[in-house]
Amino acid sequence: MQQGIQIREMQTADYEQVRALWMTIHGFGIRSIDDSKGGVTRFIRRNPSTSVVAQDHGCIIGAILCGHDGRRGCFYHVCVREDYRKKGIGKAMAVFAMRALQKEQINKVSLIAFKSNEVGNRFWKSVGWTFRDDLNYYDFTLNDANITEFNS
């Protein structure tokens, strides 16, 4: 990882920079409610020590929303700015978040990657995550106003 890059806990004050980063990521899905300032603030308040950002000279260049339900952790919205990729930042952020989960006695963490996200899927496999093909993923929308828009 490059010298000068810091990995630290995400704060609610980071929201504007994190959202600006999300908006630069091709194919990234942003939810109208969950990914609003209020939604992310609520998430960080519930999970105050597990979400993470990477900074270079005060500019956020990577982020992971990470939380848990008391049993299993989950990564959401994992991203690194394109010009900073392949420098160990994603792995360093993931390790930081996983150690935070371990401190809270969480023993397993999962994530969802779109099948079309070739870069992300290659990354997770390369850093030792297990691809699961033995289960089906289901979800149910409780609020139709929470619309996902994808960056082009």
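Worth saying up front: this structure is predicted, and the values here are computed from it rather than measured.

On to the overall build of the chain, then. Each helix and strand in the chain was counted, giving 4 helices and 7 strands. Along the chain direction, N to C, the helices and strands of the chain fall in the order β-α-β-α-β-β-β-α-β-α-β. Relative to a compact globule of 152 residues, whose C-alpha radius of gyration would be 15 Å, the chain shows 15 Å and is just as compact. Taking the principal axes of the C-alpha coordinates as reference, the chain spans close to 45 × 30 × 30 Å. Counting all 152 residues of the chain, 36% fall into the buried class. Of the contacts made within the chain by residues no fewer than 6 positions apart, 67% connect residues no fewer than 24 positions apart. When the accessible surface of the chain is split by element, carbon and sulfur atoms take 50% of a total near 10100 Å². If you average the places of the 21 positive and of the 16 negative side-chain charges in the chain, the two averages end up 5 Å apart.

Once that is clear, we can look at helix H2 (residues 37–46). Every buried residue belonging to H2 is among Gly 39, Val 40, Thr 41 and Ile 44, and all of these are buried. Buried positions along H2 lie against helix H1 (15–22) and strand S4 (59–68).

Strand order across the open sheet formed by 5 strands is S1-S3-S4-S5-S6, with mixed pairing between neighbours. At either margin of the open sheet sits one strand with a lone partner, and together these are strand S1 (5–9) and strand S6 (109–111). Across the sheet, the axes of successive neighbouring strands diverge by a mean angle of 25°, strand direction being ignored. Here strand S5 (residues 73–80) runs beside S6; their pairing, made up of 3 bridges, is parallel.

With that settled, the discussion passes to the confidence of the model for the chain. A low pLDDT score tells you not to read the predicted coordinates there in detail. On average, residues of the chain score 92 in pLDDT, and 99% of them reach the 70 mark or higher. The least confident element of the chain is strand S7 (residues 148–150), whose mean pLDDT is 82; the most confident is S4, at 98.

Next up on the list: the pairing of S5. Judged by how many residues are buried, S5 sits mostly within the fold: 6 of 8 residues are covered. Taking the residues that link successive antiparallel strands as the turn, the S4-S5 hairpin has 4 residues, and the phi of Gly 70 there is positive, at about 100°.

By size, the foremost hydrophobic cluster in this structure holds 19 residues, and its most contacted members are Ile 5, Ala 54, Ile 64, Phe 75, Ile 89 and Met 93. For this core, the element with the highest residue contribution is helix H3 (residues 89–103), accounting for 5 residues. By size, the runner-up hydrophobic cluster in this structure holds 15 residues, among which are Leu 21, Ile 25, Phe 28 and Val 40.

Of all the positions in H1, only Tyr 15, Val 18, Leu 21 and Trp 22 are classed as buried. When H1 is viewed along its axis, its buried side chains cluster within an angular range of 125° and face the same direction. Structurally, H1 contributes buried residues whose contacts are with strand S2 (29–31), H2, strand S3 (52–56), S4 and S5.

Examined against the element boundaries, Ala 54 turns out to sit in strand S3. For the pair Ala 54 and Arg 8, spaced 46 residues apart in the sequence, the C-alpha separation amounts to 6.6 Å.

Counted under the stated rule, the structure contains 7 aromatic pairs. Measuring from ring centre to ring centre gives 5.6 Å for Phe 114 and Phe 150, while their planes differ by 75°; the resulting arrangement is edge-to-face. Highlighted residues: Phe 114 in the loop between S6 and helix H4 (118–126) and Phe 150 in strand S7, separated in sequence by 36 residues. Consider the rings of Phe 123 and Trp 124, whose centres lie 4.8 Å apart with planes at 75°: the pair is edge-to-face. The class of Phe 123 is partly exposed, set by a relative accessible area of 24%. For Trp 124, a relative accessible area of 9% gives the class buried. Cluster of aromatic residues (ring-pair linked, three or more members): Phe 75, Phe 123, Trp 124 and Trp 129. Positioned over the ring face of Tyr 84 is Lys 87, at 5.7 Å from the centre of the ring. The cationic tip of Lys 125 hangs over the ring face of Phe 131; the distance from NZ or CZ to the ring centre is 5.1 Å.

Reading guide: rules and limits
- Residues numbered from 1 in each chain as written.
- Predicted model: local features only at pLDDT ≥ 70, side-chain atom pairs only at ≥ 80, totals over all residues.
- Heavy atoms only, no water.
- Helix = DSSP H or I, 4+ residues; strand = E, 2+ residues; numbered from the N terminus.
- Rg over C-alpha atoms; globule rule 2.2 N^0.38 Å.
- Buried < 20%, exposed > 50% of the residue type's maximum accessible area, 1.4 Å probe, protein only.
- Contact = heavy atoms within 4.5 Å.
- Areas by Shrake-Rupley, 256 points an atom, 1.4 Å probe, with all protein chains shown as cover.
- Lys, Arg positive; Asp, Glu negative; His and termini not counted.
- Charge placed at Lys NZ, Arg CZ, Asp CG, Glu CD.
- Pairing = 2+ DSSP bridges.
- Axes fitted to C-alpha atoms, helices over the stretch in contact; angles between N-to-C directions.
- pLDDT = per-residue confidence, 0-100.
- Core = buried A, V, L, I, M, F, W, Y, C linked by side-chain atoms within 4.5 Å.
- Arc of directions from axis to C-beta.
- Phe/Tyr/Trp six-rings, centres within 6.5 Å; stacked < 30°, edge-to-face > 60°.
- Lys NZ or Arg CZ within 6 Å of the ring centre and 35° of its normal.

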